[in-house]
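One letter stands for each residue in the lines below.
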Amino acid sequence: MKQVRIGMIGYKFMGKAHSHAYRDIPMFFPHIAEPVMQAICGRDAEGVSLAAKQFGWREAVTDWRDLMERSDIDLIDINAPSDMHKTIALAAAKAGKHLFCEKPLALSLKASREMLEAANAAGVKHMVGFNYRFAPAVQLARKLILEGRLGQIYHFRGWFLQDWIIDPDFPLVWRLQKDIAGSGSLGDLGAHTIDLAHYLLGDIEEVVGMSETFIKERPLPGSMSGLSAKGSQSDEKGPVTVDDAALFLARFANGALGTFEATRFAAGHRCTNSFEINGSQGSIKFDFERMNELQVYFTSDDEDVQGFRRVLATDPAHAYAEAWWPPGHTIGFEHTFIHEIVELLQAVAEDRQPMPNFEDGVKCQQVLEAVELSIAEKRWVRTDEL
């Protein structure tokens, strides 16, 4: 397969990130199938038309259903708000289109399982958007674990901290409404940490959690885009129906213990997406704000030089690095999406399922709902209960 023709639904934050990836892939990864930016869809005719021109799409449409009927589209890219994921994915699978869906896969475990079943029944390829897996430093972390260089794993410690809604006058954007977003910091930020934990350590067996909504009401928005918004002229407020912060403990199937924290109320933290893993023979630390680096410690080092070392994951020995710049010339957030879509396009061309796929999305949703049940019932919850 020389080309994969894309129809994308959504054109804000993730729409721009995905579009950028589609445009850059032919320049840096010329050996894989070319993504053809066929059509972009959004409800606002003027807004989506401007996005099509700015991002480089061939045309703009306002009804996503039109994309399902077209023979010139092979893959549907879903980055619309979370409440639309299931409806669009089911229609796309029925139409025989491959699927790329942003996380969270759906608003509920039941809905995410329906999406997986529909995609598998249709025989299409399916991918869920956990882009942080694709930082070369994270790929290195997985390599060290799989090769046994950290020994037996004892601890996973993960946290995703932001502060963009700490102002109580920040408007009530859709991410703060449960019927659209599904959950707050837990599902938006915690989902990424859960997926990284699954990717690096394997399945989570049981959890116990707590959460809090610090600001119960917010001004209604006049406009919103991505993670920014402006208030309306009215003084009217609406209820915040998701969590502002969530924390939970976990036990992994391999015996490791885990701690997880997700919050949008950590002043000074713009995007602190981090983890630390401790094993019998060493430890690793990662912080996405320094995404090209992995901190590595080995107990086998001589005592006089023991300590965490900074490994800059930009050499050709590191995943995806050879496609970019000379060693030490770093990459950024947008490159995680490029690597993610490279995996997707290669999977379509090779007739295999990409990783992560809808099964990983379901597994993540299972943990999210186990945490929510734990919070509601104030007890440990096994993921296999759900």
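The rules behind these values
Residues numbered from 1 in each chain as written. Predicted model: local features only at pLDDT ≥ 70, side-chain atom pairs only at ≥ 80, totals over all residues. Heavy atoms only, no water. Helix = DSSP H or I, 4+ residues; strand = E, 2+ residues; numbered from the N terminus. Expected span 1.5 Å × (residues − 1). Buried < 20%, exposed > 50% of the residue type's maximum accessible area, 1.4 Å probe, protein only. Arc of directions from axis to C-beta. Contact = heavy atoms within 4.5 Å. Pairing = 2+ DSSP bridges. Core = buried A, V, L, I, M, F, W, Y, C linked by side-chain atoms within 4.5 Å. Axes fitted to C-alpha atoms, helices over the stretch in contact; angles between N-to-C directions. Salt bridge = Lys/Arg side-chain N within 4 Å of Asp/Glu carboxyl O.

(A) Broad picture of helix 5 (residues 109–122). With 14 residues, helix 5 should reach 20 Å at 1.5 Å per residue; the first-to-last C-alpha distance of 20 Å fits that figure. Within the sequence span of helix 5, burial applies to Leu109, Ala111, Ser112, Met115, Leu116 and Ala119. The buried residues of helix 5 occupy an angular sector of 165 degrees when projected down its axis, which confines them to one face. Seen from the open side of helix 5, the exposed residues pointing more than 90 degrees away from its buried face are Lys110, Glu117 and Ala121. Residues of helix 5 that are buried make contact with helix 4 (85–94), strand 5 (98–102), strand 6 (126–129) and helix 10 (358–377). Phi for Gly123, located one or two positions after helix 5, is positive at around 70 degrees.

(B) Region of interest: the pairing of strand 4 (residues 75–78). The alternating pattern of strand 4 places Leu75 and Asp77 on one face and Ile76 and Ile78 on the opposite face, and all of these are buried. In this structure, strand 1 (residues 3–9) lies alongside strand 4, joined through four bridges in parallel fashion. Bridging from a neighbouring strand, Met8 pairs with Asp77 of strand 4. Pairing analysis gives four bridges linking strand 4 to strand 5, with the strands arranged parallel. Paired with Leu75 across the bridge in strand 5 is His98.

(C) A look at the nonpolar core. Ranked by internal contacts, the top residues of the largest apolar core, which has 108 residues, are Ile76, Leu99, Phe275, Ile277 and Ile284. The element that contributes the greatest number of residues to this core is helix 8 (residues 185–201), accounting for nine residues. Those residues in contact with Ile76 that lie beyond four places of it in its chain are Gly7, Ile9, Leu67, Met68, Ile88, Ala92, Lys97, His98, Leu99 and Phe100. Counting ten residues, the second-largest nonpolar core is a separate cluster that includes Ile165, Val173, Leu176 and Val240.

(D) Seen up close, the sheet that holds strand 2 (residues 34–41). Taken in spatial order, the six strands of this open sheet run 3-2-1-4-5-6, and their pairing is parallel. Edge positions in the sheet fall to strand 3 (59–61) and strand 6, since each of these pairs with one other strand and no more. Averaged over all pairs of adjacent strands, the angle between their axes in this sheet comes to 25 degrees, without regard to strand direction. Sheet topology note: the strand 2/strand 3 ladder contains three bridges and is parallel.

(E) Summary view of the pairing of strand 14 (residues 257–263). Relative to strand 14, strand 7 (residues 153–161) runs parallel, the two being bridged by seven bridges. Residue pairing across strands places Trp159 opposite Glu261, the latter belonging to strand 14. Bridge count for strand 13 (residues 245–252) against strand 14 is seven bridges, and the pairing is antiparallel. Directly across from Arg251, in strand 14, lies its bridge partner Leu257. Where strand 13 hands over to strand 14, the hairpin turn is made up of four residues, of which Gly255 adopts a positive phi near 95 degrees.

(F) Representation of the pattern of salt bridges in the model. Here the structure, examined in full by the defined rule, presents 28 salt bridges. Of the charged contacts, one joins Asp163 and Arg270 as a salt bridge, the two residues approaching to 2.6 Å between their closest N and O atoms. In this pair, Asp163 is assigned in the loop between strand 7 and helix 7 (178–181) and Arg270 in the loop between strand 14 and strand 15 (272–279), connecting sequence segments 107 residues apart. Residue class for Asp163 comes out buried when judged on its relative accessible area of 11%. Measuring nitrogen to oxygen at the nearest pair gives 2.8 Å for the salt bridge that ties Asp203 to Lys363. Highlighted residues: Asp203 in the loop between helix 8 and strand 8 (204–212) and Lys363 in helix 10, separated in sequence by 160 residues. In this structure Asp203 comes out as partly exposed when scored by relative accessible area, which is 39%. The exposure class assigned to Lys363 is partly exposed, which follows from its relative accessible area of 29%.

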